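Structural features, examined
Here's the letter readout for the chains.
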Amino acid sequence: MDRSHCVVSALMLSLALCMASLSARSEPLSTEPAPAAGFSGKQLAEFQRLANDPQIKRANDAWTRASQEATRQHLRKVAASGDARSLLAASMLWFGFGGTLEEGVLPVAPAPEARAWFDAARSARPRDVLVAWMEASDCAGLSDSCNPREALQFLLQAEPHNAAVQLLALADADRRGDRKAAEGYWQASTLAPVYQPHALEIGRLLHATMAGVQQPPLDPRLAQAMGVWFGLNRPATAQDYGDVGVIGLSAAVAMPGFLPVSRQCRAEAVALAGSARQAECIRLLVLLAADESTLLAPMFALPKLVELSGDSAEGLAWREQLRQFQWVYENAQQRMFAANSSGGHPREYGTWFMTEGELSAMRRLLSHQGVPAQAPPGWLPANARYRALVSTGRDGGNH
């Protein structure tokens, strides 16, 4: 699946960039860490000052090498347990933490050790759904011998009522040009009772596994610098470093593409196909809107539900849900790296994100900073497209 389909919040993007530049390497860092998205001019100046400090560079080089070794030792112990999920977690975290980066870019080819672990997870019986999900959706960097079609067939048998699996199969049928199969998978996805892309299960697995790493202590000056690099507005901890990488790694995990849904549920397509198609689209979009493990599904589904429902009572309810979603999203974005945020970025954010989901973590962030959980009456999104959808129920053409 195309990783560009992932919607990445400002925090996720920042953490992924920081992970790429600060994760352990076999050679000293040759590139500066990337600044967090949304930095103020004052924060950026401080970022640049610290990035150019030779003592901090040396401390960072030494610490990241020690962290890499500690992570490798832990992942080898995890993989030695031999169960499929331990092998999966070890292989994914090795890709994010244990391997060598060249010029801040993740390697294209999987490391032999991690590849062996992922292949062992694929071979474990009984088969594990999370392993099959990774193999079917995107195992680039984990193995060069994946069989996505075979893994997808297993998922269709193991989780036939999961709309996410049916959407994977629909995308596969589209690629093969099999229109009859694609229509069957579309119908199955619209009748499915659940949408489970396994993002939260994978996040919890990675978070729990990474929590077992005994990280070396952070020098106070390096902790201060990392806090600036990560946009935390407080000194970083070793846990922050792990959270940075795990969130960044989760951002790279492929999700089912929504292009087929977008194509089937365009207003023009629905008008031509009639009420049956509209009902199909609404059933599926309701499932997507309820998925809070990432922003991707509700950000895609809510606007379409508003458009398809028109001025009906259901349409007004979806407009209000979109308004509340945008309230959380916009306020979290504004406060993610605010220099005057109360107490700095909460230390628990990574745990919230990986164990409860991205939207829940944003709500907790707002609560931490004293922002109301609900939008006040009359509030409208700053984004022109969403403002038009909330106000009128129509897109307004601002894509």
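Residues numbered from 1 in each chain as written. Predicted model: local features only at pLDDT ≥ 70, side-chain atom pairs only at ≥ 80, totals over all residues. Heavy atoms only, no water.

1. Looking at the overall build of the chain
Applied cut-off: A run of H or I in DSSP becomes a helix once it reaches four residues, and a run of E becomes a strand once it reaches two; helices and strands are each numbered from the N terminus. Residue contacts are counted whenever heavy atoms from the two residues lie within 4.5 Å of one another. Residue burial considers only the protein chains on display, and all accessible areas are found by Shrake-Rupley using a 1.4 Å probe.
Check the secondary structure of the chain and you find 20 helices and 0 strands. Across the chain, the fraction of contacts at a sequence separation of at least 24, relative to all contacts at a separation of at least 6, is 72%. Accessible area of the chain: about 16,800 Å², with a carbon and sulfur share of 55%.

2. So, the pattern of salt bridges
Selection criterion: Here, a salt bridge means any Lys or Arg side-chain nitrogen found within 4 Å of an Asp or Glu carboxyl oxygen. Burial status follows relative accessibility: with a 1.4 Å probe on protein chains alone, a residue under 20% of its type maximum counts as buried, one over 50% as exposed, and anything between as partly exposed.
A complete count under the given rule lists 22 salt bridges for this structure. Its salt-bridge partner being E135, residue R127 comes within 3.6 Å of it at the nearest N-O pair. Residue E135 is classed as buried on the basis of its relative accessible area, which comes to 2%. Residue R266 pairs with E268 through a salt bridge whose shortest N-O separation is 4.0 Å. Given a relative accessible area of 39%, R266 falls into the partly exposed group. One connected set of salt bridges, linked through shared partners, spans D119, R122, R127, E135 and E150.

3. Section: the confidence of the model for the chain
The following threshold applies: Scored between 0 and 100, pLDDT is the confidence that the predictor attaches to each residue.
Of the residues in the chain, 83% reach a pLDDT of 70 or more, and the chain-wide mean stands at 85. Low pLDDT, under 50, characterises residues 1-32; the stretch is placed with 97 contacts to residues that sit more than four places away or in other chains. Contacts for the low-pLDDT stretch residues 101-108, under 50 throughout, to residues beyond four places or in other chains number 16 contacts.

4. Re the packing of helix α9 (residues 179-191) against helix α15 (residues 275-289)
Stated precisely, the cut-off is as follows: Each axis is a line fitted through C-alpha atoms, taken for helices only over the stretch in contact, and angles between the N-to-C directions span 0 to 180 degrees. Angle categories: roughly parallel below 35 degrees, roughly antiparallel above 145, roughly perpendicular from 65 to 115, and oblique for all the rest. Residue polarity is assigned by list, with Asp, Glu, Lys and Arg as charged and Ala, Val, Leu, Ile, Met, Phe, Trp, Tyr, Cys and Pro as nonpolar; anything else, Gly included, falls into the polar class.
Two elements in contact, α9 and α15, have axes separated by 7 Å at closest approach and are oriented at 60°. Comparing their axes, α15 and α9 come out oblique. Residue-level contacts link W186, Q187, S189, T190 and L191 of α9 to R277, E280, C281, R283 and L284 of α15. Taken together, the residues of the contact of α9 with α15 break down into 4 nonpolar, 3 polar and 3 charged.

5. Quick look at the packing of helix α6 (residues 129-137) against helix α7 (residues 148-158)
Convention followed: Two helices that cross are described as forming a left-handed crossing if the nearer one is turned anticlockwise from the farther one by less than a right angle, and a right-handed crossing if clockwise.
Contact geometry of α6 with α7 gives a least axis separation of 8 Å together with a crossing angle of 135°. As summarised for this structure, α6 and α7 are arranged oblique, according to the angle between their axes. Once α6 is placed against α7, the crossing between them reads as left-handed. Listed contacts from α7 to V129, A132, W133, E135 and A136 of α6 are P148, A151, L152, F154, L155 and A158. Residue classes in the contact of α6 with α7 are distributed as 10 nonpolar, no polar and 1 charged.

6. Some remarks on the nonpolar core
The following threshold applies: Think of a nonpolar core as a cluster: buried Ala, Val, Leu, Ile, Met, Phe, Trp, Tyr and Cys residues, connected wherever their side-chain atoms sit within 4.5 Å.
M92, L155, Y195, M226, W229 and L285 are the most contacted members of the largest nonpolar core, which has 117 residues in total. Ranked by residue count, the leading element in this core is helix α4 (residues 84-98), at 10 residues. Excluding residues that lie within four positions of it along the chain, L285 makes contacts with V261, F300, A301, K304, L305 and L308.

7. As for the state of the cysteines
So the rule is basically this: Two cysteine sulfurs form what is called a disulfide whenever their separation falls within 2.5 Å.
If you walk through the whole model with that rule in mind, you get 2 disulfides. Two residues, C139 and C146, share a disulfide whose sulfurs are 1.9 Å apart. A disulfide bridge connects C265 with C281, and the sulfur atoms are separated by 2.1 Å. The disulfide joining C265 to C281 has a torsion of about -100° about its S-S bond and is therefore left-handed.

8. Comments concerning helix α3 (residues 54-80)
Applied cut-off: Helix span, as expected, comes to 1.5 Å for every residue beyond the first. By the criterion applied in these results, polar contacts are pairs of N or O atoms within 3.5 Å in which, for protein atoms, one can donate a hydrogen and the other can accept it, and in which residues neighboring in sequence qualify only through two side-chain atoms.
For α3, spanning 27 residues, the distance from its first C-alpha to its last is 39 Å, which sits close to the expected 39 Å at 1.5 Å a residue. The N-capping residue of α3, defined by a side-chain oxygen 2.9 Å from the backbone nitrogen of Q55, is D53. Positioned one or two residues after α3, G82 has a phi angle of 85°, which is positive.

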